[in-house]
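Okay, here's what each chain looks like letter by letter:
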Amino acid sequence: MKFIIANWKMNGDLALVDEFIEGINDIPSDRKVIVCPPTALITSFNKGKAFSIGAQNCFYEKMGAFTGENSPALLKAIGCEYVILGHSERRAIFHESDEVIYKKWNAAISQVLTPILCIGETADQRANWKKILSKQLSNYCGNKFSDLHGTIFAYEPVWSIGTGKIPSTEEIEEVVCFVKSLLGSSENYCVVYGGSVNSGNAADILGINGLDGVLVGSASLKLDEFKKIII
Ligand code: PGA
């Protein structure tokens, strides 16, 4: 089974919601499709659909004076099953630290939202990717590698996001092996790849040994393109 995850970022509108609900209806049984729209669009998906919904962020507190934030429990209540955490855009633009991401990860799993936890090196860090990824993993998950609650780790090299540049399939496979060697052989997590995935490269990427799926940004905003990635 492979995850096909759409990250709409701050894109999409009510018309695109309807297009997706109507257009994505016969998903192959070996695919699990998750659409992560902006928070404001989430309840518009509550009309009967063939795929699951994820949020793009959550806060770590349950409730209180945190203007603009959403708790995992509220996101769950409006129909989310997943939440993207630690995306490089949140780390770069909203200055989210590893410590904050760790708290969000803990809050999400305690409120039964499955985290889609992003890791990945910048262009400058590329030569040191092993060091960067192992630091991110231990900072995000503490020493709880035996207790990962189905976390979907998304390897997203920052230099690949929105650039059209992707690592070779061999390089992605090496990262998957490395991540799995750190996290251990339990069945309670998955590893997907994200960064410039499109209908032209998805089949090759999905064929990588040990990889559990893809996280798709800009190519998930066009229904036809996204459907080609699902199949
Ligand atoms: P991209 O974005 O597919 O547009 O490169 C991926 C992501 O940021 O999750």
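Look above for the structure.
Attention in this report is confined to the structure presented alongside it. (Residues numbered from 1 in each chain as written. Predicted model: local features only at pLDDT ≥ 70, side-chain atom pairs only at ≥ 80, totals over all residues. Heavy atoms only, no water.)

**Quick notes on the overall build of the protein chain**
A count of helical and extended segments in the protein chain gives eight helices and eight strands. Relative to a compact globule of 231 residues, whose C-alpha radius of gyration would be 17 Å, the protein chain shows 17 Å and is just as compact. By principal-axis analysis of the C-alpha atoms, the protein chain measures approximately 45 × 45 × 30 Å. For the protein chain, buried positions account for 50% of its 231 residues. Here the analysis covers contacts within the protein chain between residues at least 6 apart in sequence; of these, 73% occur between residues at least 24 apart. Taken as a whole, the protein chain presents about 10,700 Å² of accessible surface, with 51% of it coming from carbon and sulfur. The protein chain carries 22 positive and 26 negative side-chain charges, and their two centres are separated by 3 Å. (Helix = DSSP H or I, 4+ residues; strand = E, 2+ residues; numbered from the N terminus. Rg over C-alpha atoms; globule rule 2.2 N^0.38 Å. Buried < 20%, exposed > 50% of the residue type's maximum accessible area, 1.4 Å probe, protein only. Contact = heavy atoms within 4.5 Å. Areas by Shrake-Rupley, 256 points an atom, 1.4 Å probe, with all protein chains shown as cover. Lys, Arg positive; Asp, Glu negative; His and termini not counted. Charge placed at Lys NZ, Arg CZ, Asp CG, Glu CD.)

**Some words on the site of the ligand**
Around the ligand there are 13 residues in total, and Lys 9, His 87, Glu 156, Gly 162 and Ser 196 lie nearest to it. Between an oxygen atom of the ligand and a main-chain N or O atom of Ser 196, the distance comes to 2.8 Å. Note that an oxygen atom of the ligand is positioned 2.9 Å from one of the backbone N or O atoms of Ser 218. Protein burial of the ligand: of its 280 Å² of free accessible surface, 98% is covered by the chains. Considering only residue class, the shell around the ligand consists of three nonpolar, eight polar and two charged. (Near = heavy atom within 4 Å. Polar contact = N/O pair within 3.5 Å; in protein donor to acceptor, adjacent residues only side chain to side chain. Nonpolar A, V, L, I, M, F, W, Y, C, P; charged D, E, K, R; others polar.)

**Overview of the packing of helix H5 (residues 129-141) against helix H6 (residues 169-183)**
Where H5 contacts H6, the axes come no closer than 11 Å and their chain directions differ by 40°. Accordingly, the angle class assigned to the pair H5 and H6 is oblique. The handedness of the crossing between H5 and H6 is right-handed. Along the contact surface, H5 presents Trp 129, Lys 130, Leu 133, Ser 134 and Leu 137, while H6 presents Glu 174, Val 175, Phe 178, Val 179, Leu 182 and Leu 183. Across the contact of H5 with H6, the residue classes break down as eight nonpolar, one polar and two charged. (Axes fitted to C-alpha atoms, helices over the stretch in contact; angles between N-to-C directions. Parallel < 35°, antiparallel > 145°, perpendicular 65-115°, else oblique. Left-handed = near helix turned anticlockwise from the far one by under 90°.)

**Observations concerning the sheet that holds strand E1 (residues 2-7)**
A barrel is described by the order of its strands in space; here eight strands give the closed sequence E1-E2-E3-E4-E5-E6-E7-E8, paired in parallel fashion. Pairwise comparison of adjacent strand axes, ignoring direction, gives a mean angle of 25° for this sheet. Taken together, the four bridges between E1 and strand E8 (residues 213-216) define a ladder with parallel strand orientation. Within the sheet, the bridge partner assigned to Ile 4 lies in E8 and is Val 214. Strands strand E4 (82-85), strand E5 (114-119) and strand E6 (151-155) of the sheet are contacted by helix H4 (residues 98-110), whose axis makes an angle of about 160° with E5. (Pairing = 2+ DSSP bridges.)

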